[in-house]
Amino acid sequence: LVPPSPSQPHPMTGPEGTAQSVLAARSGAVVFRLPDPGLLAVLGEDRVRFLNGMITQDVKALAEGAGQYALLCNAKGKILADLYVWAAKDFLRIECEAGLLEKIRSTLDHYIIADDVILEDRTGEATILHVAGREAASVLKKAGLSVPEEPLRRLPMRLGETQLLAARNDRT
């Protein structure tokens, strides 16, 4: 299992490559890299209570290493952004499309008044590789990597010298 390099074009790009990728995912597995996500760390003593009141999921129920898909809405309930929120030991991590990060950050920042909450842009700290297809789990196991048993659960692991966080996402 060799991750695609951002500096090298993927051999399965363009219309023919897309068709090959779809066929590979249907019958086996395909590894691909999407553009780097926007990453926002939510720190401080009030982070859980604060974020719990700002998004559509119960952040208080997240165990360390677990995540949830959620929405950020305005006061009238209009959806402003969709995102994933992950619980780490000392912070919450928001992952979103990079183009939504500033809207999310400014919306959250607007409501931080007397809360002990700090928002840190951590975009660029992680690259997300996706392994998809019927044989995705067996491909990861053959590479010596664990497969999380539950959706949206992270497992820390190493691939050579690289520290990884593996997450299973069954949402398509």
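Structure: above.
All values reported here derive from a predicted model rather than from experimental measurement. (Residues numbered from 1 in each chain as written. Predicted model: local features only at pLDDT ≥ 70, side-chain atom pairs only at ≥ 80, totals over all residues. Heavy atoms only, no water.)

Engineer: I tried to follow the pattern of salt bridges on my own but got confused; where do I start?
Structural biologist: Any two side chains of opposite charge can pair if their charged atoms end up close together. Evaluation of the coordinates by the stated rule reveals five salt bridges. Two residues, Arg49 and Asp115, come together in a salt bridge whose shortest N-O distance is 2.3 Å. Residue Arg49 is located in helix 2 (residues 47-52), and its partner Asp115 is located in the loop between helix 3 (101-111) and strand 6 (118-121); the two are separated by 66 residues in the primary sequence. Overall, Arg49 belongs to the exposed group, its relative accessible area being 51%. The salt bridge involving Arg105 is made with Glu102; its shortest N-O contact spans 2.7 Å. Taken together, the residues span about one helical turn, with Arg105 and Glu102 both in helix 3 at a distance of three residues. With a relative accessible area of 27%, Arg105 lands in the partly exposed category. Residue classification places Glu102 among the partly exposed residues on the basis of a relative accessible area of 46%. Ionic contacts of the salt-bridge type, sharing partners, join the residues Asp46, Arg49 and Asp115 into one network. (Salt bridge = Lys/Arg side-chain N within 4 Å of Asp/Glu carboxyl O. Helix = DSSP H or I, 4+ residues; strand = E, 2+ residues; numbered from the N terminus. Buried < 20%, exposed > 50% of the residue type's maximum accessible area, 1.4 Å probe, protein only.)

Engineer: Explanation requested: the nonpolar core in the structure shown.
Structural biologist: Side chains of a nonpolar character, in soluble globular proteins, are inclined to be buried together. By size, the foremost hydrophobic cluster in this structure holds 25 residues, and its most contacted members are Leu51, Ile55, Leu72, Leu83, Ile94, Ile104 and Leu108. At the level of secondary structure, the elements contributing two or more residues to this core comprise strand 2 (38-43), helix 2, strand 3 (67-73), strand 4 (79-87), strand 5 (92-96) and helix 3. In terms of residues, this core owes the most to one element, strand 4, which gives five residues. (Core = buried A, V, L, I, M, F, W, Y, C linked by side-chain atoms within 4.5 Å.)

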